[in-house]
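Residues per chain are reported as follows:
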Amino acid sequence: MGGTVVANVIRSRVDTGDQVFAGNREAMLAALAEVDQLQAQVVAGGGSPDAEKNARSVARHRKRGKLLPRERIEYLIDDVSPFLELSALAGWGTDDPLGGGIVTGIGFVQGTECMIIANDATVKGGSQGPTSVKKGLRAMDIARRNRLPLVSLTESGGADLPKQSEIFVPGGASFKNLTQLSAAGIPTVTLVFGSSTAGGAYVPGMSDYVVLQKEAARVYLGGPPLVKMAIDEDANEEDLGGAEMHARVSGLADYLAEDEPDALRIGRDIVAHLRWRKQGSGPDRPPTAPAYDPDELLGIASADIRVPFEAREVLARVLDGSEFEEFKPLYGTTLVTGWGHIGGYPVGVLANNGILFSEESKKGAQFIQLCNRHDIPIIFFQNITGFMVGTKYEQGGIIKDGAKLINAVSNSSVPHLTVMMGASYGAGNYGMSGRAYDPRFVFTWPNHRIAVMGPKQLAGVLTIVARQKTEAAGAEFDEAAFAPMRDAFENQVESESTALFATGRLWDDGIIDPRDTRTALTLALSAVHSGPVTGTSDFGVWRM
Ligand code: COA
């Protein structure tokens with residue numbers, strides 16, 4: 001006789017009327033307003049801090065009858081398709097243009113999920129600086145690991161020449177990646193709308209399919225000035241690299257497009273004939289909304305990340321139907337593990353509810369093995385200040401137990417998706433599948449903070465080291481004299497730990513509004529199922 005199956009619906013205990021909730025909500029909305037304002041700046045184009053100059057670049061682009069990159073993407077993707085834009089604020093806090101002058105993201109073209117990379121020619125002529133290179137390489141990496149066809153919408157002046165030394169060597173990987181995608185059977189399609197010079201010429205050169213726009217695309221290894229310098233030839237642009245020439249003479253172009261909409265239509269036709277089939281399964285049940293309002297996530301996530309919050313309250317607003325089959329709830333209680341669904345896809349969840357001790361590490365390692373046994377993708381919800389330190393815990397084997405978790409995370413072969421919902425400090429970042437552990441996607445909330453440890457602790461450690469050094473030399477340590485240095489260091493670490501600092505350096509795939517977490521994860525889960533979802537039992541030696 002079967003028993004009655006009762007769904008494990010999480011019961012929320014959040015008090016939406018309390019002060020802490022209101023304070024968190026206010027702080028999160030303020031942080032989101034800053035993110036929105038920065039995103040609006042990127043969308044407007046131009047890429048410089050000077051708004052008037054940006055407006056002039058965009059007006060000139062439009063006067064030439066050209067579309068902006070996001071408009072090209074709109075034309076390319078299906079009417080009903082979402083677009084999961086990645087790393088929109090890459091370059092923040094660097095001297096690169098915000099967004100890096102390229103747009104990357106995932107959208108559906110003729111029903112097929114594709115990775116799309118689009119240059120923004122209003123930003124330094126679409127030339128590629130360090131941020132553009134990192135962002136483009138990351139997009140290709142996502143395409144390769146998730147088996148997503150790649151569509152490039154190209155209009156680029158090649159290397160950002162004043163920054164050539166920073167991009168020349170790493171940038172070369174983009175051509176290698178294109179051909180390796182092709183070798184892996186992942187189609188690459190390039191539509192060229194303008195300049196595609198020097199290194200940029202290899203983007204169409206290395207792609208499976210090439211569409212050039214008539215009287216607009218210019219594809220050459222060296223433009224007329226360079227040809228003049230190199231071989232003293234007076235070449236004209238059309239003969240050197242025009243679309244008609246490449247379609248009729250060199251054979252680089254496979255299709256000649258009349259105008260931008262025509263190029264985008266041809267791109268859609270190409271993707272349609274790929275007849276691309278996913279190798280992963282579809283959702284195994286219809287998606288159901290959580291029982292609690294995701295809006296409440298704004299008040300749940302702590303504005304001050306030193307204040308812990310209940311991870312199950314987040315899961316109750318992200319998982320389908322707020323249903324969660326919790327695994328080992330009574331053991332290793334500061335790590336919440338269990339199974340649920342997001343957007344109808346089955347997922348295993350690891351979520352921090354405090355510091356990681358030995359029990360949590362072993363529980364996490366065991367749970368990751370189970371997800372691998374059953375080919376279930378894993379979502380890591382990070383809010384972690386690190387592994388526990390202290391004599392008792394060292395004697396209890398925290399290093400070798402932490403190593404078990406890191407072994408499991410490193411060798412697990414099911415897709416990992418990581419959501420940074422608060423702190424990400426120390427080796428906790430690694431044990432919970434931080435960026436260096438190759439999660440397929442990493443999304444962060446604006447309250448996220450990331451560093452080796454908290455700024456106060458780091459400054460405190462520095463002070464102790466300085467004191468020991470002074471005292472070892474037989475002198476007296478002047479605490480007051482050292483204080484300004486300690487404060488400056490604390491402020492520096494504070495400013496290098498923010499979500500904006502992290503996203504600026506592509507330590508993640510973008511800052512998301514907590515309310516959009518389920519949507520972002522659903523789109524990411526759909527993308528990862530474009531490839532096979534297969535677990536492993538091949539882990540390193542378990543240190544016992
Ligand atoms: N590196 C850095 N900045 C570049 C650049 C490059 N490769 N190409 C263009 N820019 C900048 C320009 O300096 C200009 O900046 P400004 O607005 O601050 O003055 C801005 O991008 C727009 O360039 P502009 O030439 O005015 O625009 P355009 O639309 O008429 O032409 C190009 C765009 C890309 C066709 C043209 O700038 C060009 O040929 N660039 C050089 C390409 C090249 O030889 N690259 C070699 C790479 S190895």
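Within every chain, residues take consecutive numbers counted from 1 along the sequence as written. Residue-level local features of this predicted model are given only where pLDDT is at least 70; pairs of side-chain atoms are given and counted only at 80 or more, and the full residue set underlies all totals for whole chains, interfaces and linings. Think of the side-chain values as coming from all heavy atoms in the structure, minus any hydrogens and water.

## Remarks on the packing of helix α3 (residues 69-76) against helix α11 (residues 260-274)
1) Next: Contact geometry of α3 with α11 gives a least axis separation of 9 Å together with a crossing angle of 45°. Comparing the axis directions of α3 and α11 gives the class oblique. Handedness of the crossing formed by α3 with α11: right-handed. Here R72, Y75 and L76 of α3 lie close against α11, whose contacting residues are E260, P261, L264, G267 and R268.
2) Next: Residue type decides the class: Asp, Glu, Lys and Arg count as charged, Ala, Val, Leu, Ile, Met, Phe, Trp, Tyr, Cys and Pro as nonpolar, and the leftover types, Gly among them, as polar. Looking at the contact of α3 with α11 residue by residue, the class counts come to 4 nonpolar, 1 polar and 3 charged. Each axis is a line fitted through C-alpha atoms, taken for helices only over the stretch in contact, and angles between the N-to-C directions span 0 to 180 degrees. Elements are defined by DSSP. Helices are runs of H or I of four residues or more, strands are runs of E of two residues or more, and each kind is numbered from the N terminus. An angle below 35 degrees is read as roughly parallel, one above 145 as roughly antiparallel, one from 65 to 115 as roughly perpendicular, and any other as oblique. Crossing chirality is assigned from the near helix's rotation relative to the far helix, an anticlockwise turn below a right angle marking it left-handed and a clockwise turn marking it right-handed. Contacts: residue pairs with any heavy atoms within 4.5 Å of one another.

## Re the site of the ligand
1) Next: Residues are counted as near a molecule or strand when any one of their heavy atoms sits within 4 Å of it. Around the ligand, 14 residues are found, and the nearest of them are K53, R60, R64, G157 and A159.
2) Next: Nitrogen and oxygen atoms within 3.5 Å of one another constitute a polar contact, given that in protein one can donate a hydrogen and the other can accept it, and given that sequence-neighbouring residues count only through two side-chain atoms. Within the side chain of R60, a nitrogen or oxygen atom sits 2.8 Å from an oxygen atom of the ligand.
3) Next: All accessible-area figures derive from a Shrake-Rupley calculation using a 1.4 Å probe, and residue coverage is judged against the displayed protein chains alone. Calculation on the ligand without its partners gives an accessible area of 860 Å², and the protein chains cover 54% of this total.
4) Next: Secondary structure elements with two or more residues in the shell around the ligand: α2 (51-63) and β5 (188-197).

## Overview of the nonpolar core
1) Next: The biggest cluster of nonpolar side chains holds 54 residues, and the ones touching the most others in it are F381 and F441.
2) Next: Considering each element in turn, this core owes the most residues, 7 residues, to helix α21 (residues 517-528).
3) Next: The contacts of F441, once residues within four sequence positions are left out, are L86, I106, R138, I142, N146, H416, L417, T418, D509, A524, A527 and V528.
4) Next: Joining through side-chain atoms within 4.5 Å is the link that ties buried Ala, Val, Leu, Ile, Met, Phe, Trp, Tyr and Cys residues into a set, and such a set is a nonpolar core. Classification of residues uses two cut-offs on accessible area relative to the type maximum, computed with a 1.4 Å probe and protein chains only: under 20% is buried, over 50% is exposed, and between them is partly exposed. If you look at the next biggest cluster of nonpolar residues, it comprises 22 residues, including V103, A257, I266 and V271.

## Some words on α2
1) Next: Between its terminal C-alpha atoms α2 stretches 18 Å, which fits the 18 Å expected from 13 residues at 1.5 Å a residue.
2) Next: Within α2 the residues assigned to the buried category are N54, V58 and H61. When α2 is viewed along its axis, its buried side chains cluster within an angular range of 60° and face the same direction. Set apart from the buried face of α2 by more than 90 degrees, the exposed residues are E52, R56, R60 and K63.
3) Next: On its buried side, α2 packs onto α1 (19-44), α3 and β4 (150-156).
4) Next: If you check the start of α2, you find a side-chain oxygen 3.0 Å away from the backbone N of E52, and it comes from D50.
5) Next: Of the residues flanking the end of α2, it is G65, one or two places downstream, whose phi is positive at about 75°. Multiplying 1.5 Å by the residue count of a helix minus one yields the expected span of that helix. The directions from the helix axis to the C-beta atoms are what the arc is built from.

## Here we look at the pattern of salt bridges
Close approach of charged atoms allows side chains of opposite charge to pair.
1) Next: We count a salt bridge whenever a side-chain nitrogen from Lys or Arg sits within 4 Å of a carboxyl oxygen from Asp or Glu. Throughout the structure, instances matching the rule amount to 36 salt bridges.
2) Next: A salt bridge links K214 to E244, with the nearest nitrogen and oxygen atoms 4.0 Å apart. Taken together, the residues span a long stretch of sequence, with K214 in the loop between β6 (209-213) and β7 (218-220) and E244 in helix α10 (residues 243-250) at a distance of 30 residues.
3) Next: For E244, a relative accessible area of 24% puts it in the partly exposed group.
4) Next: The salt bridge involving R515 is made with D513; its shortest N-O contact spans 2.8 Å.
5) Next: Classification of R515 by relative accessible area gives partly exposed; the value is 31%.
6) Next: Given the relative accessible area of 16%, D513 is considered buried.

## Some details on the pairing of strand β10 (residues 335-342)
1) Next: Counted residue by residue, β10 has 8 buried out of 8 residues, so it is predominantly covered.
2) Next: Taking every second residue as pointing to the same face, both faces of β10 are buried, with L335, T337, W339 and H341 on one and V336, G338, G340 and I342 on the other.
3) Next: Any two strands with at least two DSSP bridges between them are considered paired. With 8 bridges joining them, β10 and strand β11 (residues 345-352) adopt antiparallel strand pairing. The residue bridging G338 from the neighbouring strand is V349, located in β11.
4) Next: Counted between consecutive antiparallel strands, the loop separating β10 from β11 contains 2 residues, among which G343 sits at a positive phi close to 60°.

## Notes on helix α6 (residues 173-183)
1) Next: Among the residues of α6, S174, N177, L178 and L181 are the ones counted as buried. On an axial view of α6, the arc spanned by its buried residues comes to 100°, and they lie on one face.
2) Next: Packed against the buried residues of α6 are α4 (130-146), β4, α5 (164-171), β5 and α7 (202-205).
3) Next: In the stretch just after α6, G185 is the one whose phi turns positive, near 80°.

## Considerations on the pairing of strand β12 (residues 378-384)
1) Next: Counting buried positions along β12 yields 7 of 7 residues, so the element is predominantly enclosed.
2) Next: Two elements, β11 and β12, share 4 bridges in a ladder whose sense is parallel. Each residue of the ladder has a partner; that of L350, found in β12, is F380.
3) Next: Viewed with both strands pointing away, a crossover whose connecting path from the first strand over the helix to the second turns clockwise is right-handed. The handedness of the β11 to β12 crossover, carried by helix α14 (residues 358-373), is right-handed.
4) Next: Alignment of β12 against strand β13 (residues 416-425), held across 6 bridges, turns out to be parallel. When the bridges of β13 are listed, Q382 appears paired with M420.

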